[in-house]
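# Reading the structure
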Amino acid sequence: MSHPHQAWSELAAGYSLGSLDADERATFEMHLAGCKDCQAEVDSYRDVVGSIGLGAPVVPPPPHLRARILAETKSVRALNPPTQFQRLLPWLVAAAAMTVAIASLLMYASERSRRELAESAGAAAATQLMHARKQVAQQDSMLAAILAPDAESARLVAQGRPPSVRLFLNRRRNMVVLSARDLAPAAAGRTYQLWGIADGQPVSMGTFNTSADGQATVVLPLATDARFTHSAITDEPAGGSPQPTTTPFIAGAWQ
Amino acid sequence: MTESDWALIERMSRGDERALAHVYDRFGTLAYSIAYHILNDAGDAEDIVAEVFMQAWTSAASFDPARAKVAGWIAMMTRSRSLDRVRARNRRSRVVTALVESSAQPSQSAPSPEVAAEESDLRARVASCLAELVPEQRQALELAYYGGLSHSEIAEALGQPLGTVKTRIRSAMGKLRESLGAYLLI
């Protein structure tokens, strides 16, 4: 008789390979977000999946392909993102490149913990109340933004730990709805800033903060029509910064 | 001493076109072989490889050697784009049929045991591991990898029970992980 959790870890191989059926993949992804053992299991298969293609029958490419590639890339500048962002990008674009396994899963780089959240519980009650009032007033337009057929969503999910952030982008109505959970409020004099990343360059999408319960539902105006491939959140001085001054602690790929 | 794969990517990220040429020389055949195995069309395979190396060129700065090997990175991009093209061109059924046939045959690329024992090359190791798999396990794995098929789709394509397919893929992946484990740490 198998241990209950074994039923989950048995899905890790198929998940890494991208061969789980849709419903199984959905439930496994939800489990994966909160299970370190399964994350380790999925990680252990990553290089295996990366190696399978080495077994393909060897077919040499046509000789002209090399020249074609070198010619095509000549006119394209290699991306050179700002240094401070450089450490984040491996997680972001690695996630995009490994579409099979982890298309929308991200890395939670910070050391924040539930304990921090509990300690700051007293600090932001007023913010929370104001937030709730605003929420009721905005409920309808937000739901409309989320449910509109041209809304894109990005799930920024911490790997195995809080916080979790969802983004809903509605280009037609020029708005981004951000929904955060289990994210301790930024320290005094600081704020969270959301960035959209296009061609490796971060563009500010606005600032926000969470209430003491770690939640936020915020509507941010969409000031630009750049096509973002990813988004990330950093901790910044109050008022925000023109470019990120800290390493993003949560990020994700747009689906 | 030759440059490590990662060092080449790092040079590429700084706009070094000769590094790109070296990366193509090392991994171009791998990419083309995978694309061709999936698409069975020289023109499509060529387009895919061009796209893959363009993507590698523009995203080199974000490559993290702690998370992937360069070969795996190239392979995954190639597989992903190839499967996307199969879907986009509505060629799925044709591709699946071809894969069912080819994967039913004995693994062609396995070197002799003597050669495999001497080779420290990862490629030879992978070929050996695949050849050592029970044929039904290898077939299910190849349909998943090269066809992008789900468990249900594989079961239907092969006329096998779903549970059997799941077990075979799990077993194949487990064996590969065990066999390749030490090599992948390099």
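Residues numbered from 1 in each chain as written. Chains lettered and ligands numbered in written order. Predicted model: local features only at pLDDT ≥ 70, side-chain atom pairs only at ≥ 80, totals over all residues. Heavy atoms only, no water.

## Some words on the overall build of chain B
A count of helices and strands for chain B gives ten helices and zero strands. Reading the helices (α) and strands (β) of chain B from amino to carboxyl end gives α-α-α-α-α-α-α-α-α-α. Taken across its 186 residues, chain B has 51% of its residues classed as buried. Excluding contacts between residues fewer than 6 apart, the proportion of contacts in chain B whose partners are at least 24 apart in sequence is 64%. Entry remark: accessible area of chain B is about 8100 Å², with carbon and sulfur atoms responsible for 50%. (Helix = DSSP H or I, 4+ residues; strand = E, 2+ residues; numbered from the N terminus. Buried < 20%, exposed > 50% of the residue type's maximum accessible area, 1.4 Å probe, protein only. Contact = heavy atoms within 4.5 Å. Areas by Shrake-Rupley, 256 points an atom, 1.4 Å probe, with all protein chains shown as cover.)

## Looking at the pattern of salt bridges
Inspection of every chain in the model, using the stated rule, returns 22 salt bridges over all chains. The partner of A:Glu24 in a salt bridge is B:Lys166, and the shortest N-O contact between them spans 3.0 Å. Taken as a pair, A:Glu24 in helix α3 (residues 22-33) and B:Lys166 in helix α10 (residues 162-184) lie in two separate chains rather than in one. What makes B:Lys166 partly exposed here is its relative accessible area of 24%. As a salt-bridge pair, B:Arg138 and B:Glu142 come within 3.3 Å of each other at their nearest N and O atoms. Taken as a pair, B:Arg138 and B:Glu142 lie in helix α8 (residues 135-147) at a separation of four residues, close to a single helical turn. Across the pair, exposure class does not vary: B:Arg138 and B:Glu142 are buried alike. (Salt bridge = Lys/Arg side-chain N within 4 Å of Asp/Glu carboxyl O.)

## Remarks on unusual backbone geometry
Residues and elements named next belong to chain B. In this structure, asparagine 40 takes a positive phi of about 55 degrees despite not being glycine. For asparagine 40, the location among the structural elements is in the loop between α2 (17-39) and α3 (42-59). The exposure class assigned to asparagine 40 is partly exposed, which follows from its relative accessible area of 47%.

## As for the confidence of the model for chain B
With 89% of its residues at a pLDDT of at least 70, chain B reaches an overall mean of 87. The model gives residues 115-120 of chain B a pLDDT under 50, and that stretch makes four contacts with residues more than four places away or in other chains. (pLDDT = per-residue confidence, 0-100.)

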